[in-house]
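Chain and residue survey
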Amino acid sequence: MRNLPFRHLMHRAGWTLTELLVAMSISTILSAGLITAVISLQKSFLASRHHIIAQSEQMLLMDNMGLDLRRALSVTTSASELTIIIPDYYKTDGTPRNPSISGSTAVYGPTPRTIRYYKSGANICRSEAGAVSILASNVSDFQLTFQNLGQSIQVSITFVPKYQLWSNSANDRRASTATFATTLLRNKR
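Described below are features of the structure shown in this document. (Residues numbered from 1 in each chain as written. Predicted model: local features only at pLDDT ≥ 70, side-chain atom pairs only at ≥ 80, totals over all residues. Heavy atoms only, no water.)

Before going further, it helps to examine helix α2 (residues 17-70). Structurally, the α-helix is built with 3.6 residues per turn, so residues lying three or four positions apart point the same way. Along its 54 residues, α2 runs 79 Å from first to last C-alpha, staying within 8% of the 80 Å computed at 1.5 Å per residue. Looking at α2, one finds that the buried residues are A47, H50, H51, A54, E57, Q58, L61, M62, M65, G66, D68 and L69. (Helix = DSSP H or I, 4+ residues; strand = E, 2+ residues; numbered from the N terminus. Expected span 1.5 Å × (residues − 1). Buried < 20%, exposed > 50% of the residue type's maximum accessible area, 1.4 Å probe, protein only.)

Right under this line is the structure:
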């Protein structure tokens, strides 16, 4: 019989059972670690996304309220509602009104307009002349606070983020997301 060059490999036909078990256990441990890392990254991404969206809604609300507060003739606050009375600067067709001077006060239009900011369920709304606009939706964890300081109004908006930092207390987490704005009432007499 001839001497085959690969004859020594013919005696080894496959893996032993011990080698297969070791390889399977190593691959199982690596797979479990990889799956855990992917799940953690996904949760972190979703929590960060929620936080960014909530912060942008906070800024939108602060901008809208600040604009109306700077034009306010009078303001009424309660624990969770802000009522603002502003001059009627525009005609129904959208063109600006010319003010008339009465004493030392500029008067725009026949009657002032009333604007309300309030939370209704999971929405934060702005109501003007019976028309309700939803400024932020799916914000059941938002908390609005209004404080009348006389010549200025302080508005605070907080929410509970999805992630946890150092505490399990919702109040601690809410305090870490507080946004405050103090607006001077320029037209208040």
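More follows now that the structure is in view.
Glancing now at the sheet that holds strand β10 (residues 179-184). Overall, antiparallel pairing links the three strands, which are arranged β8-β9-β10 in an open sheet. For this open sheet the edge positions go to β8 (143-148) and β10, each flanked by a neighbour on one side alone. This sheet shows a mean twist of 15 degrees between the axes of neighbouring strands, independent of strand direction. Bridge analysis of β8 against strand β9 (residues 152-158) gives six bridges, and the strand direction is antiparallel. Bridged to Q143 within β9 is T158. (Pairing = 2+ DSSP bridges. Axes fitted to C-alpha atoms, helices over the stretch in contact; angles between N-to-C directions.)

The tally for this structure, following the rule as stated, stands at seven salt bridges. The closest approach of N and O atoms between D88 and R97, which form a salt bridge, is 3.2 Å. Residue classification places D88 among the buried positions, given a relative accessible area of 8%. Across the pair R113 and E128 runs a salt bridge whose closest N-O atoms are separated by 2.7 Å. Residue R113 is located in strand β5 (residues 113-120), and its partner E128 is located in strand β6 (residues 123-128); the two are separated by 15 residues in the primary sequence. Residue R113 is classed as partly exposed on the basis of its relative accessible area of 29%. (Salt bridge = Lys/Arg side-chain N within 4 Å of Asp/Glu carboxyl O.)

Turning our eyes to something else, we now look at a nonpolar patch on the surface. A surface patch of nonpolar side chains, about 280 Å² in accessible area, is lined by V22, I26 and L30. Positionally, V22 belongs in helix α2. A relative accessible area of 44% means that V22 is categorised as partly exposed. (Patch = residues over 30% accessible without salt bridge, like charges linked within 9 Å, V, L, I, M, F, W, Y side chains within 5 Å. Areas by Shrake-Rupley, 256 points an atom, 1.4 Å probe, with all protein chains shown as cover.)

Now for the nonpolar core. L61, M65, L69, L82, I84, F142 and V155 are the most contacted members of the largest nonpolar core, which totals 24 residues. Of all the secondary-structure elements, those providing two or more residues to this core are α2, β2 (81-86), β5, β7 (131-136), β8 and β9. Ranked by the residues each element gives to this core, the list is headed by α2, at five residues. Not counting the four nearest positions on each side in its chain, M65 is found in contact with L82, Y117, L144, F146 and V155. (Core = buried A, V, L, I, M, F, W, Y, C linked by side-chain atoms within 4.5 Å. Contact = heavy atoms within 4.5 Å.)

Before going further, it helps to spend a moment on the environment of T105. Looking at where T105 falls in the secondary structure, it is placed in strand β4 (residues 105-107). The spacing of T105 and N187 is 82 residues in sequence and 9.4 Å in space, taken between C-alpha atoms.

Tallied over the entire structure, the rule returns two aromatic pairs. When the ring of Y89 is compared with that of Y108, the centres are 4.6 Å apart and the planes differ by 70 degrees; the resulting orientation is edge-to-face. Of this pair, Y89 sits in the loop between β2 and β3 (100-102) while Y108 sits in the loop between β4 and β5, and the two are 19 residues apart along the sequence. If you follow R116 out to its NZ or CZ, it ends over the ring of Y118, 4.3 Å from the centre. (Phe/Tyr/Trp six-rings, centres within 6.5 Å; stacked < 30°, edge-to-face > 60°. Lys NZ or Arg CZ within 6 Å of the ring centre and 35° of its normal.)

This paragraph deals with the side chain of E128. Look at E128 and you get buried, because its relative accessible area is 18%. Setting aside residues up to four positions removed in sequence, E128 forms contacts with R113, T114 and I115.

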